[in-house]
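Structural features, examined
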Amino acid sequence: GIVHARGEAIHQLVAIKIICIGKKHEDWVRSGVDRYQKRLKKPFDLEWTLLPHALSDEQAARRDESSEIMKKLSDSAFVILLDERGKSYSSPQFTDILLQSLDYSRPVVIVIGGAYGVDKTLHDRADMTLSFSSLVFPHQLVRLMITEQLYRAQEIAAGRPYHHS
């Protein structure tokens with residue numbers, strides 16, 4: 001595994017998984033995601049799972065989409081739910097949380113819910129609910145933002161100065 005700035009080895013060799021509801025990345029998102037994703041190395045590399053929007057009303061969509069996401073989660077996964085009502089962390093704090101999970105060989109799964117969010121079952125399953133801001137962002141933009149933050153975490157873990165920019 002890699003050694004991060006604290007001098008501890010990371011032994012986890014699986015990719016970080018991102019599960020999101022929605023269509024494939026739009027072109028402007030794809031180019032941004034690719035920019036950061038191609039620089040990611042194990043254990044910070046990404047595996048995307050895109051699940052379709054549920055074609056039902058708000059409550060049913062939230063339930064059905066959450067159910068589909070839950071099917072993709074292993075019992076051992078450290079689940080990070082992205083939600084504007086979650087807690088804000090600095091980039092170094094986020095890095096420490098990722099490293100701690102990886103150090104314990106827990107696979108990290110980041111969840112970006114659908115337009116109506118996720119249900120209580122999925123909220124309860126999340127180990128962490130992360131907010132980038134109390135502002136609401138389009139899901140396509142959030143995909144780019146989380147990819148950049150994972151790259152930033154990789155650089156912080158390695159002791160490189162990227163996170164100061």
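Notes on the structure follow. For clarity, every value in this text was computed on a predicted model and none was experimentally measured.

Points about the pairing of strand β2 (residues 46-51)
Note on strand geometry: in a regular strand, side chains alternate between the two faces of the sheet. Pairing between strand β1 (residues 16-21) and β2: 6 bridges, direction parallel. Bridge pairing in β2 places Ile21 opposite Leu51. After leaving β1, the chain enters helix α1 (residues 27-37) and then returns to the sheet as β2, a path that is right-handed.

What to know about the pattern of salt bridges
Counted by the stated rule, this structure contains 13 salt bridges. For Glu58, the salt bridge is made with Arg62, and the minimal N-O distance between the two is 3.5 Å. Here the residue Glu58 and the residue Arg62 both occupy positions in helix α2 (residues 58-71), the gap between them amounting to 4 residues, near one helical turn. With its nearest N and O atoms 3.5 Å apart, the salt bridge here joins Arg106 to Asp127. Residue Arg106 is located in the loop between α3 (91-103) and β4 (108-112), and its partner Asp127 is located in the loop between α4 (120-125) and β5 (128-130); the two are separated by 21 residues in the primary sequence. Arg106 sits in the partly exposed class, given a relative accessible area of 26%. Because the salt bridges share partners, they merge into one network encompassing Asp83, Glu84 and Arg85.

Rules used in this analysis
Residues numbered from 1 in each chain as written. Predicted model: local features only at pLDDT ≥ 70, side-chain atom pairs only at ≥ 80, totals over all residues. Heavy atoms only, no water. Pairing = 2+ DSSP bridges. Helix = DSSP H or I, 4+ residues; strand = E, 2+ residues; numbered from the N terminus. Right-handed = clockwise from strand over helix to strand, strands pointing away. Salt bridge = Lys/Arg side-chain N within 4 Å of Asp/Glu carboxyl O. Buried < 20%, exposed > 50% of the residue type's maximum accessible area, 1.4 Å probe, protein only.

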